[in-house]
Amino acid sequence: MTRHATSTEPTSTEPIPTEPVPVGRAAADPAAVRERARAALEAARARTLALTDCLDDAGLTAQHSPLMSPLVWDLAHIGNQEEIWLVRTAGRRPALRPDLDPLYDAFRHPRSARPALPLLSPEQARAFVAEVRDQALDVLAEAPLTGAPPTGDPLHKGGFVFGMLAQHEQQHDETMLATHQLRQGPPVLDAPAPPPAPADAAALPREVLVPAGPFTMGTSTDPWALDNERPAHTVELPSFLLDSTPVGNAAYLEFVEDGGYADPRWWSPQGWEHRLQAQLEAPLFWQRDRDGDGTWLRRRFGRTEPLPADQPVVHVCWYEADAYARWAGRRLPTEAEWEKAARHDPATGGSLRHPWGDGDPGPGHANLGQRHLEPAPVGSYPDGAAPCGARQLLGDVWEWTATDFAGYPGFAAFPYREYSEVFFGGDYKVLRGGSFGTDPVACRSTFRNWDYPIRRQIFAGFRTARDAEGS
């Protein structure tokens, strides 16, 4: 398969442009960092309980798809990781349940095998995570949070270890939300619909120009950034054009109705093989109204409803995104292109933390945090637009990129190899931007997600790009 390759090697030894000063960096007031960490942990736990308390024990212990764990496994795994990192490691306290370590080791047991394990019952799992949380908050109240003497522990710098665990729990919450989408049965989750598209959405240009030049990719200063986001480095890119919004259902339906799934011209060899083997004919959860006029419907968290033409397409795998881009005469953006579009500020030459600036996301910036249970219409959130003019780069849908997951130049695993490094290589594609199910604590313009190119249960969509030369 032909790639539009973009090097992420540093292009010079000049000083890296100044990065934004993120909320909660080590130089901030320790009391403010402590409060930020507490709020992040408590928000994650409230969401975890909301996603589990809505089901009975049978619903929590069932495996709703072989791709996913029983929800009760995720619940206890969250507690086990919090005990390992916050109670034992950060707090240097005795282990509460070391016997659970092998049982909730995600690398030891594939998801499909977890229902057969002697898992904690829902009642036991709730009691365990509550006991762990009590001790974790005690540790937080006493933690130095600076990484300075007497501990000198970088885990504490800027409250990193607490931010890491808050992000870990929110990431599992999004995974549990995906399990709810796969679950059969009546709806148990509800949320208000996103607001309608703004008045100017229909007049947006199809694409925006991102000029050639260097930009700062990644971060070396954000205290809660994970190891694969580091270090900041300069990347030089040629000019390119990027869709101003994610690809919508209406546009993707044109590809479906034009026979895109039946024409191997648009698919990579691996993609075509997978399409045949998996019998792909449309995005996951799309279905024809066989009893009506044959219009397209979708299933969403237990509800079957008309396909909203104005929303970004979601639940497509990388191969589908790549095939659509080829059909449209375009390509998927590289990861570096996506990040430059999302955060490069040509007025200053620096890189922003978020497309709209360095401030935390608000309801007017992006569709994040499970505030809605679906993407917002394409063209939404003008206040969250990037300097290049592209909208919805954060929130709504994860966006597939053309790039394989790998470490940046100068990458160093921290605090353990299994978070990122073991996934590096050609097996995983990078996704960027977060979805409606991603919490703001785990969503920023440097955040990197990754998955197999065949995955469709995740809340993933895409936007396309093309080279600017000759345009």
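Use the structure listed above.
Residues numbered from 1 in each chain as written. Predicted model: local features only at pLDDT ≥ 70, side-chain atom pairs only at ≥ 80, totals over all residues. Heavy atoms only, no water.

**Notes on the packing of aromatic side chains**
Going by this rule: Note on aromatic contacts: the rings of Phe and Tyr and the six-membered ring of Trp form a pair at centre separations within 6.5 Å, being stacked when their planes are under 30 degrees apart, edge-to-face when over 60 apart, and tilted otherwise. Secondary structure follows DSSP: runs of H or I at least 4 residues long count as helices, runs of E at least 2 residues long count as strands, and numbering of each begins at the N terminus.
Here the structure, examined in full by the defined rule, presents 29 aromatic pairs. A ring pair is formed by Trp 398 and Phe 447, whose centres lie 6.1 Å apart and whose planes are at 40 degrees; its orientation type is tilted. Of this pair, Trp 398 sits in strand S8 (residues 398-404) while Phe 447 sits in the loop between strand S9 (429-432) and strand S10 (449-451), placing them 49 residues apart in sequence. Residues Phe 405 and Trp 450 carry aromatic rings whose centres are separated by 4.2 Å and whose planes lie at 10 degrees to one another, so their mutual orientation is stacked. In this pair, Phe 405 sits in the loop between S8 and S9 while Trp 450 sits in strand S10, placing the two residues 45 residues apart along the sequence. In this structure an aromatic cluster arises from ring pairing among Trp 85, Phe 107, Phe 405, Phe 411, Tyr 416, Tyr 419, Phe 423, Phe 424, Tyr 428, Trp 450 and Tyr 452.

**Examining the environment of Arg 303**
Convention followed: Under the scheme applied here, a residue whose accessible area is under 20% of the maximum for its type counts as buried, over 50% as exposed, and between as partly exposed, the area being computed with a 1.4 Å probe on protein chains only. Contacts are residue-level and defined by heavy atoms, with any inter-residue pair within 4.5 Å sufficient.
Within the element layout of this structure, Arg 303 appears in strand S7 (residues 303-306). Given the relative accessible area of 24%, Arg 303 is considered partly exposed. Placed 50 residues apart in sequence, Arg 303 and Arg 353 show a C-alpha to C-alpha distance of 36 Å. When near neighbours in sequence (up to four residues on either side) are disregarded, Arg 303 contacts Pro 187, Leu 189, Asp 190 and Arg 298.

**Some thoughts on the sheet that holds strand S1 (residues 207-210)**
Sheet strands pair via backbone hydrogen bonds, and the direction of the pair is either parallel or antiparallel. Which entries qualify depends on this criterion: At least two bridges found by DSSP between two strands is the condition for calling them paired. Each axis is a line fitted through C-alpha atoms, taken for helices only over the stretch in contact, and angles between the N-to-C directions span 0 to 180 degrees.
Read across the sheet, 3 strands follow the order S1-S4-S12 without closing on themselves; strand pairing throughout is antiparallel. For this open sheet the edge positions go to S1 and strand S12 (465-467), each flanked by a neighbour on one side alone. Shown here is a sheet whose adjacent strand axes are inclined to one another by a mean of 25 degrees, direction ignored. Direction of pairing for strand S4 (residues 240-243) relative to S12: antiparallel, over a ladder of 3 bridges. Bridge pairing in S12 links Leu 241 to Arg 466.

**Focus: the side chain of Ser 69**
Defined as follows: In protein, a polar contact requires one atom able to donate a hydrogen and another able to accept it; more generally it is a pair of N or O atoms within 3.5 Å, and residues adjacent in sequence count only if both atoms are side-chain atoms.
By secondary structure assignment, the location of Ser 69 is in the loop between helix H2 (57-61) and helix H3 (71-90). A polar contact is formed between the side chain of Ser 69 and the side chain of Arg 114, at a distance of 2.6 Å. Once you skip the residues sitting within four places of it in the chain, Ser 69 turns out to touch Asp 74, Arg 111, Arg 114 and Thr 179.

**Remarks on the side chain of Arg 432**
Looking at the secondary structure, you find Arg 432 in strand S9. The class of Arg 432 is buried, set by a relative accessible area of 0%. Looking at Arg 432, its side chain comes within polar contact range of the side chain of Glu 335, at 3.0 Å. Here Ser 445 takes part through its backbone oxygen, which lies 2.8 Å from a polar atom of the side chain of Arg 432.

**Things to note about the packing of helix H1 (residues 30-53) against helix H5 (residues 160-182)**
Keep this limit in mind: Should an angle lie under 35 degrees it is considered roughly parallel, over 145 roughly antiparallel, and from 65 to 115 roughly perpendicular; all remaining angles are considered oblique. In a left-handed crossing the near helix is turned counterclockwise from the far helix by less than a right angle, and in a right-handed crossing that turn is clockwise. Ten residue types, Ala, Val, Leu, Ile, Met, Phe, Trp, Tyr, Cys and Pro, are classed as nonpolar, four, Asp, Glu, Lys and Arg, as charged, and the remainder, Gly among them, as polar.
Packing of H1 against H5 leaves a shortest axis separation of 9 Å and a crossing angle of 20 degrees. The pairing of H1 with H5 is recorded here as roughly parallel in orientation. The two elements H1 and H5 cross, and the hand of that crossing is left-handed. In this structure, H1 uses Ala 37, Ala 40, Leu 41, Ala 43, Ala 44, Arg 45, Arg 47, Thr 48, Leu 51 and Thr 52 to contact H5, whose residues at the interface are Phe 162, Leu 165, Ala 166, Glu 169, Gln 170, Asp 173, Glu 174, Met 176, Leu 177 and His 180. Of the residues in the contact of H1 with H5, the class split is 11 nonpolar, 4 polar and 5 charged.

Just geometry here; none of it tells us what the structure is for.
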